Amino acid sequence: HWRASEPPRGKPDNQWVIPGVASSRIVLKQRNAACEDLLTLWAEPFAASAAPLLGDDQAEWLRVAWNHLLDNHPHDSLCGCSIDQVHQDMIFRFDQAEDLANRIAERALRALAVAAAPRGLPEKSFVVAVANATAAPLDEVIELEIPLPDDWPTQYQEYFGYERKFGFTLRTADG
């Protein structure tokens, strides 16, 4: 017989969990992590950067988004050990927090891209802005899918004639 302060004989088990909690309703934990990332890595930093362009109302929307998320943090809720209706309500609040955070981030990123875009671009041209939500510089290939409109003015026929493709030129800010 062993005392509570001592591990059982053999290899100590430091991986104990409360039964039915750590893995209960894992989707809630995943949604929580996704909402936290969306708010802390995208919505907040880019809204702060775009505040001079958009005004201060972003702070109020961020507060509402955080309130929805934090309302999901009581112990029995986030652990997944409440009644089903509590968890249905949590999904609604995750949806609200995620939707607000996405809108805030999109609005801020759009304002920053417009402010950084060069002026006097030729007709039928557009600017693509790429944002890094990390604190570290990236030195890697970034893949983008840019949907060009069907009436894009420049197209060419592929060598064997199988497919028409869009023609375009990519330029950096310095030309």
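Structural data are supplied above this passage.
It should be emphasised that the depicted structure is a prediction, and the values quoted were computed from it without experimental measurement.

Draft legend 1. Highlighting helix α1 (residues 26–54). Under the 1.5 Å per step criterion, the end-to-end length of α1 is only 37 Å for 29 residues, more than 12% shorter than the ideal 42 Å. Ala 48 marks where α1 bends most, by close to 45 degrees; the proline Pro 52 follows one to four residues later. Every buried residue of α1 is accounted for by Leu 28, Arg 31, Asn 32, Cys 35, Leu 38, Leu 39, Ala 43, Phe 46, Ala 47, Ala 50 and Leu 54. Packed against the buried residues of α1 are α2 (57–70), α3 (75–78) and α4 (84–116). The positive-phi residue at the C-terminal boundary of α1 is Gly 55, with phi of around 95 degrees.

Draft legend 2. The packing of α2 against α4, seen in detail. With their axes 8 Å apart at the nearest point, α2 and α4 run at an angle of 155 degrees to one another. Judged by the inter-axis angle, α2 sits roughly antiparallel to α4. Relative to α4, the crossing made by α2 is left-handed. Together, Asp 57, Gln 58, Trp 61, Leu 62, Val 64, Ala 65, His 68 and Leu 69 of α2 and Arg 93, Phe 94, Gln 96, Ala 97, Leu 100, Ile 104 and Arg 107 of α4 make up the contact between the two elements. When grouped by side-chain class, the residues that make up the contact of α2 with α4 number 9 nonpolar, 3 polar and 3 charged.

Draft legend 3. Local environment of the packing of α1 against α4. The N-to-C vectors of α1 and α4 enclose an angle of 30 degrees; their axes lie 7 Å apart at closest approach. Taken together, α1 and α4 sit at an angle that is classed as roughly parallel. In this structure, α1 meets α4 at a crossing whose hand is left-handed.

Draft legend 4. Up close: the environment of Ser 125. Of note, Ser 125 is situated in the loop between α4 and β1 (155–157). Measuring from C-alpha to C-alpha, the distance between Ser 125 and Trp 152 comes to 9.9 Å, with 27 residues separating the pair along the chain.

Draft legend 5. Representation of the pattern of salt bridges within the structure. Scanning the entire structure with this criterion turns up 7 salt bridges. The shortest N-O distance in the salt bridge between Arg 31 and Glu 98 comes to 2.9 Å. Residue Arg 31 is located in helix α1, and its partner Glu 98 is located in helix α4; the two are separated by 67 residues in the primary sequence. Here Glu 98 falls in the partly exposed class, since its relative accessible area comes to 31%. Salt-bridge contacts for Asp 57 lead to Arg 107; the nearest nitrogen and oxygen are separated by 3.6 Å. One end of the pair, Asp 57, is in helix α2; the other, Arg 107, is in helix α4, with 50 residues separating them in the sequence.

Rules and cut-offs
Residues numbered from 1 in each chain as written. Predicted model: local features only at pLDDT ≥ 70, side-chain atom pairs only at ≥ 80, totals over all residues. Heavy atoms only, no water. Helix = DSSP H or I, 4+ residues; strand = E, 2+ residues; numbered from the N terminus. Expected span 1.5 Å × (residues − 1). Bend = angle between axes of the 7 residues up to and from the residue. Buried < 20%, exposed > 50% of the residue type's maximum accessible area, 1.4 Å probe, protein only. Contact = heavy atoms within 4.5 Å. Axes fitted to C-alpha atoms, helices over the stretch in contact; angles between N-to-C directions. Parallel < 35°, antiparallel > 145°, perpendicular 65-115°, else oblique. Left-handed = near helix turned anticlockwise from the far one by under 90°. Nonpolar A, V, L, I, M, F, W, Y, C, P; charged D, E, K, R; others polar. Salt bridge = Lys/Arg side-chain N within 4 Å of Asp/Glu carboxyl O.

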